Amino acid sequence: MDDQKQTKVWHVENDVDDEKNYAQIVDAARLIRQGEVVAFPTETVYGLGANALSDQAVEKIFRAKGRPSDNPLIVHISDREQLSMVARDVPKQAERLMERFWPGPLTLILPKQALVAERVTAGLDAVGVRMPDHQLARALIREAGVPIAAPSANRSGRPSPTTAKHVLADLDGRIAGVLDGGSAGVGVESTVLDVTAQPAMILRPGGITREQLAEVLGEVAVDPALAREAEQPRSPGMKYTHYAPQGELWVVDGEPEAVRERMLELLNSASRAGLKTGVLAPAETVHWWQQQHCADLVLRCGANSDLSAAARELYACLRRFDEEQVAYIVAQAFPRTGLGAAIMNRLEKAAGGRIICV
Ligand code: TXA
Ligand code: MG
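Residues numbered from 1 in each chain as written. Chains lettered and ligands numbered in written order. Predicted model: local features only at pLDDT ≥ 70, side-chain atom pairs only at ≥ 80, totals over all residues. Heavy atoms only, no water.

Re the site of ligand 1
Residues in close proximity to ligand 1 total 23 residues, the closest being Thr 44, Asn 71, His 76, Ala 126 and Ser 190. Between ligand 1 and Asn 71, the relevant distance is 2.9 Å, taken from an oxygen atom to a side-chain nitrogen or oxygen of the residue. In isolation ligand 1 offers 690 Å² of accessible surface; the protein chains occlude 88% of this area. Of all elements in the fold, only β4 (74–76), β6 (126–130) and β10 (201–204) reach the threshold of two or more residues within the shell around ligand 1. Tallying contributions element by element places β6 first for the shell around ligand 1, with four residues. (Near = heavy atom within 4 Å. Polar contact = N/O pair within 3.5 Å; in protein donor to acceptor, adjacent residues only side chain to side chain. Areas by Shrake-Rupley, 256 points an atom, 1.4 Å probe, with all protein chains shown as cover. Helix = DSSP H or I, 4+ residues; strand = E, 2+ residues; numbered from the N terminus.)

Right, dumping it as structure tokens:
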């Protein structure tokens, strides 16, 4: 059975020099040291943190999230000195990346130090490490005095949380507390990069783009599994669906005219079947969709010309469809360049392979 507890909420502004704020961070850090789990904001999404050096503490993360135990966690550090607690070796190319992108949304896969709890890496000899670009997150880690293992603070399979309200919607009563520091910044998670491979390989696209990495590294590989997933709808139940809203989500990609036609067809047949329908569209087309009156809820998600805004708004939009109990959602694909690679990766996962290329 899940253990129910009172979840504490600390309201903290992103000003760690303020005394009142700092007292709250100290309180949260104390709970981390005592082996509890605490959610906190980062510049990407909210994380669910526990002492990365304690198997018992980390176990509580998996329990609270309902996360499969074979999925490893990212370890968060506050400064470069903590890195030696986590990684036993730092390749040259990793040094250059840290120099350029830390603190920031880049997770590096490095050889694991023995101190890190087995549970964090699910038994792997490599560990994902990042230094978040968020004052509150770093102050929490510093005060706790230990590296903090943290996945996104959602129930497993749900969209990642970009506000404390999202965290509570999923985890109230299941975790010791949440530091409410307002909205997360980037909105999609960090890029996961395996720097033990030559050339370095992107395992998950995220806040630092492939183009940015290439500026430092020259050559960057992308895990072939990522591309295959985009081409081939997966059979339901074969793999976990991530980031998914409760309604059935379809993503339509291709020439604008053809995309529009197909989206209309899908919406019309869903409406005929009596389903509550939704559309996710960028600023460029959202007004057109609103004028069609072909869907019950039309949500704007950033713009094709402003992918940062799309990344920031994506998860909140997916959660909003749930709040409105939309049963059938059709999303227009975003361009796949820059941050678009991360956005499309999340949308495709959320759709569980229901991608249509026209
Ligand atoms: O932005 C982020 O990365 C957020 C914030 C909270 O920092 N965290 C996050 O964690 O997204 P999570 O657990 O939702 O995703 C971690 C990803 C998973 O895809 C996991 O498989 C991969 O990183 N990962 C972690 N450690 C790994 C390892 N040792 N080898 C390969 N992949 C790893
Ligand atoms: Mg996650």
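Describing the domain arrangement of the protein chain
Domain annotation for the protein chain reports domain 1 (8–227) and domain 2 (248–357). Each partner contributes residues to the interface: domain 1 has 24 residues there, and domain 2 has 16 residues. Roughly 1500 Å² of surface becomes buried between domain 1 and domain 2 when both sides are summed, with 53% attributable to carbon and sulfur atoms. Between the two partners, domain 1 and domain 2, sit three salt bridges. One salt bridge in this structure joins Glu 189 and Arg 346, with 2.8 Å as the shortest N-O distance. Between the two partners, domain 1 and domain 2, sit nine residue pairs in polar contact (both at pLDDT 80 or more). Take the side of domain 1 that touches domain 2: its biggest share by element is four residues, from helix α7 (residues 164–171). For the side of domain 1 that touches domain 2, the per-class residue count stands at eight nonpolar, 10 polar and six charged. (Domains from an automatic or database assignment. Contact = heavy atoms within 4.5 Å. Buried area = accessible area lost by both parts, 1.4 Å probe. Salt bridge = Lys/Arg side-chain N within 4 Å of Asp/Glu carboxyl O. Nonpolar A, V, L, I, M, F, W, Y, C, P; charged D, E, K, R; others polar.)

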